[in-house]
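Notes for the structure review
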There are 2 protein chains.
Amino acid sequence: MKAPRDVPTPLLESLKSLGLTKYEALVYIGLLRMVGATATEVHEISGVPRASVYPVLDRLVQKELVSVSHTTPKRFGAIPPDQGIENLMRRIEGDAESAQAALDAIYRERRLDNRGDQELIWTIYGEENIRTCLADMFRSAERSVELFATGDLLRRSVLSLLDSIPESVQVEFVTERWTGEQPSRFHLQVLPLAALCETPSFTERMLPYERSGVFLVDDTRALLWMEGVDGQPSALYSDSVGLALFVRRHIATIMEWAKAAVQ
Amino acid sequence: MKAPRDVPTPLLESLKSLGLTKYEALVYIGLLRMVGATATEVHEISGVPRASVYPVLDRLVQKELVSVSHTTPKRFGAIPPDQGIENLMRRIEGDAESAQAALDAIYRERRLDNRGDQELIWTIYGEENIRTCLADMFRSAERSVELFATGDLLRRSVLSLLDSIPESVQVEFVTERWTGEQPSRFHLQVLPLAALCETPSFTERMLPYERSGVFLVDDTRALLWMEGVDGQPSALYSDSVGLALFVRRHIATIMEWAKAAVQ
DNA sequence: ACCTTGTTGTTATGATAACAACAACATTTA
DNA sequence: TAAATGTTGTTGTTATCATAACAACAAGGT
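Given the structure is predicted, the values throughout are model-derived calculations rather than measurements.

1. A short note on the protein's contact with DNA strand C
What surrounds DNA strand C is a group of 14 residues, the closest being A:Thr40, A:Arg50, A:Tyr54, B:Lys22 and B:Tyr23. Note that a phosphate oxygen of DNA strand C is positioned 2.2 Å from one of the side-chain N or O atoms of A:Thr40. The set of elements that each furnish at least two residues to the surface near DNA strand C consists of helix H3 (39–46) and helix H4 (50–62) of chain A together with helix H2 (22–33) and helix H4 (50–62) of chain B. For the surface near DNA strand C, the element with the most residues is H4(A), which contributes three residues. Across the surface near DNA strand C, the residue classes tally to six nonpolar, five polar and three charged.

2. So, the nonpolar core
Generally speaking, soluble globular proteins have nonpolar side chains that are buried together. A:Leu15, A:Leu31, A:Leu103, B:Leu15, B:Leu31 and B:Leu103 are the most contacted members of the largest nonpolar core, which has 75 residues in total. Top element by residues in this core is helix H5 (residues 81–108) of chain A. It accounts for nine residues. Filtering out sequence-adjacent residues up to four positions away, B:Leu103 remains in contact with A:Leu11, A:Leu15, A:Tyr28, A:Ile29, A:Leu32, A:Pro81 and A:Ile85.

3. Comments concerning the pairing of strand E5 (residues 144–149) of chain B
All names here are of chain B. For E5, a buried count of six out of six residues is recorded, marking the element as mostly surrounded by other parts of the structure. Residue alternation in E5 divides its side chains into two sets, Ser144, Glu146 and Phe148 and Val145, Leu147 and Ala149, and both sets are buried. Taken together, the five bridges between E5 and strand E6 (residues 170–174) define a ladder with parallel strand orientation. Within E6, the position partnered with Val145 by the bridge is Val171. The parallel pair E5 and E6, bridged by helix H7 (residues 151–158), forms a crossover whose chirality is right-handed. As paired elements, E5 and strand E7 (residues 213–217) share five bridges and run antiparallel to each other. Its bridge partner being in E7, Leu147 is matched across the sheet by Phe215.

4. Some remarks on the sheet that holds strand E4 (residues 121–125) of chain B
One open sheet holds the nine strands; their spatial order is E1(A)-E3(A)-E2(A)-E4(B)-E9(B)-E8(B)-E7(B)-E5(B)-E6(B), and the pairing between them is mixed. Pairing within the sheet leaves two strands with one partner each, and these edge strands are strand E1 (37–38) of chain A together with E6 of chain B. Contacts from helix H2 (residues 22–33) of chain A reach E1, strand E2 (66–69) and strand E3 (75–78) of chain A within the one sheet, and its direction differs from that of E3(A) by about 90 degrees.

5. A closer look at the pattern of salt bridges
All told, the structure shown has 26 salt bridges over all chains when counted by the stated rule. With a closest N to O distance of 3.6 Å, A:Glu127 and A:Arg211 form a salt bridge. Note that A:Glu127 is positioned in helix H6 (residues 127–139) and A:Arg211 in the loop between helix H9 (200–203) and strand E7 (213–217), a separation of 84 residues in sequence. In this structure A:Arg211 comes out as buried when scored by relative accessible area, which is 8%. Between B:Asp152 and B:Arg156 there is a salt bridge, with the nearest N and O atoms lying 2.9 Å from each other. A residue pair is termed a helical-turn pair when its members lie 3 or 4 positions apart in one helix, as B:Asp152 and B:Arg156 do in helix H7 at four residues. B:Asp152 gets classed as partly exposed once you look at its relative accessible area, which sits at 21%. Owing to a relative accessible area of 60%, B:Arg156 belongs among the exposed residues under this scheme.

Calculation notes
Along each chain, numbering runs from 1 in the same order as the chain's sequence is written. Chains carry letters and ligands carry numbers; both start at the beginning, A for chains and 1 for ligands, and go up in the order they are written. Residues qualify for local features only when their pLDDT is at least 70, as the model is predicted, and side-chain atom pairs are given and counted only at 80 or more; totals for whole chains, interfaces and linings, by contrast, use all residues. Side-chain measures here rest on the full set of heavy atoms in the structure, leaving out hydrogens and waters. Residues are counted as near a molecule or strand when any one of their heavy atoms sits within 4 Å of it. Any pair of N or O atoms that falls within 3.5 Å is considered a polar contact. Within protein, one atom must be able to donate a hydrogen and the other to accept it, and sequence-neighbouring residues count only if both atoms are side-chain atoms. Here a helix means four or more residues in a row that DSSP labels H or I, a strand means two or more in a row labelled E, and each is numbered from the N terminus. Lys, Arg, Asp and Glu make up the charged group, whereas Ala, Val, Leu, Ile, Met, Phe, Trp, Tyr, Cys and Pro make up the nonpolar group; the residues left over, Gly among them, are polar. In this text, buried Ala, Val, Leu, Ile, Met, Phe, Trp, Tyr and Cys residues form a nonpolar core when linked through side-chain atoms within 4.5 Å. Only protein chains enter the calculation, and the probe is 1.4 Å; a residue is then buried if its accessible area is under 20% of its type maximum, exposed if over 50%, and partly exposed in between. Contacts were defined at the residue level, with two residues in contact if any of their heavy atoms lie within 4.5 Å. Whether two strands pair comes down to DSSP finding at least two bridges between them. We call a crossover right-handed when, viewed with both strands directed away from the observer, the connection leading from the first strand over the helix to the second proceeds clockwise. Axis definition: a line fit to C-alpha positions, over the contact stretch in the case of helices; interaxial angles, taken between N-to-C directions, run 0 to 180 degrees. Salt bridges are defined by distance alone: a side-chain nitrogen of Lys or Arg within 4 Å of a carboxyl oxygen of Asp or Glu.

Here it is in structure tokens:
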């Protein structure tokens with residue numbers, strides 16, 4: 001007869017996103033703590049109303065998370081967590097797979113109206129999404145790639161994508177500090193901005209660990225990588241001539257500025 | 001201006017179990033079919049009420065499934081399905097991981113009351129669950145393992161588990177037909193029941209592809225593998241002396257019966 | 001036998017929250 | 001002005017949550 005020791009909310013949330021309801025989660029957790037409990041005992045240790053315990057247990061059996069004994073009264077036991085969660089994930093992964101197949105079919109026959117498409121500026125959220133967008137840009141580069149980014153961002157999120165740039169493309173990049181040797185595969189131009197970073201007007205305007213960058217491919221496609229105050233990365237991407245022009249000018253200015261500062 | 005071509009229900013269900021609501025699924029699917037749609041166009045192709053489109057799009061952006069353009073009116077685009085589903089699954093897998101850690105901690109400090117535990121008969125649903133239970137039984141075997149199962153079940157679901165039986169344990173098994181050589185690692189005794197299977201009284205009582213089996217370890221733990229009419233496997237497991245005795249007698253009878261039939 | 005007592009399992013019913021659907025309004029753009 | 005965009009609020013609907021009452025059954029005491 002244990003008390004319905006309270007359950008941390010994040011655990012409940014996690015189990016909910018695996019497809020369980022609050023009661024199902026509470027009952028399953030309760031059963032993990034007592035093997036072979038009757039419905040009434042389940043009610044006691046889980047804190048869910050006794051009447052609700054029966055349908056909940058039925059659903060848990062259906063979901064292959066608990067097993068039942070053939071006694072009167074019935075007794076219930078939980079499948080061990082590793083096995084149980086695997087059972088839940090198997091179902092979800094199956095759904096993901098079939099959904100992906102169906103969505104891909106839909107996606108392939110989409111209409112590419114391009115109705116002024118090249119004038120749009122998109123904002124993309126999530127580091128993964130930004131990185132795949134960047135990878136696409138790099139892969140499709142034909143003449144030039146220019147990038148100006150903080151060293152942290154460059155090393156941790158961008159460097160591994162540079163491999164997808166075709167051999168013939170000229171790559172230039174600027175960063176504020178660079179430790180280690182220069183990547184050798186590209187014609188590249190590193191302009192250390194270390195001196196510039198120490199000026200007060202610079203440090204007061206830019207946070208020390210801010211991750212941001214500007215990327216320009218073939219002078220036509222641009223991506224601005226920024227980071228909100230919450231640390232969530234987001235980016236602007238566009239084929240628009242307006243943004244490309246702005247970024248070209250911006251990067252050119254930075255490079256001139258950097259050269260001047262170095263001297 | 002496409003019609004809100006109706007969406008197959010199973011796809012909606014799959015996306016729901018990935019954490020989307022019905023509207024979110026419909027809007028995402030609609031956006032897959034038209035790049036750079038305005039809110040009104042999204043409403044038209046998805047069939048979702050125009051007013052509801054805005055909060056739904058907000059949530060989809062939050063979930064990193066769509067990106068927004070900085071124009072007026074705003075235009076929206078879907079992240080490609082592979083990337084989008086990966087984003088959803090990453091969240092879910094993270095939840096599964098943290099949930100597993102928390103549940104394991106709870107599971108380790110459970111009380112093993114064993115209050116008459118050995119007298120309980122458990123029913124287990126799901127092939128995976130049954131197989132892990134069988135594997136546990138085999139692994140903990142000390143003296144003997146006896147099994148009587150249909151050949152199909154044996155080959156497809158049980159054979160690979162036999163490796164976990166300790167070397168010193170004597171293994172006997174009976175099946176109705178056995179093609180191929182005998183597994184060599186065990187002291188085993190194969191009693192072909194092929195002749196018996198042809199008798200009318202046998203075939204009329206047992207379905208041709210029924211998968212079922214009886215397993216007995218150390219004369220104390222028994223598992224009955226059965227299959228419902230729906231093809232969903234389930235099993236009875238018990239330490240109880242009653243069931244063990246029944247199974248012992250059952251298997252002994254079968255073996256005598258088989259020997260007599262062979263002669 | 002009868003009646004309590006307590007537990008098991010079931011059913012009904014209201015409360016709540018999230019979502020779905022609709023209508024009305026304010027704002028912008030042409 | 002007219003049309004389209006974006007916002008707000010209300011209502012209907014569903015699934016889950018929560019409580020109460022009820023019937024079935026066994027154990028035990030008069």
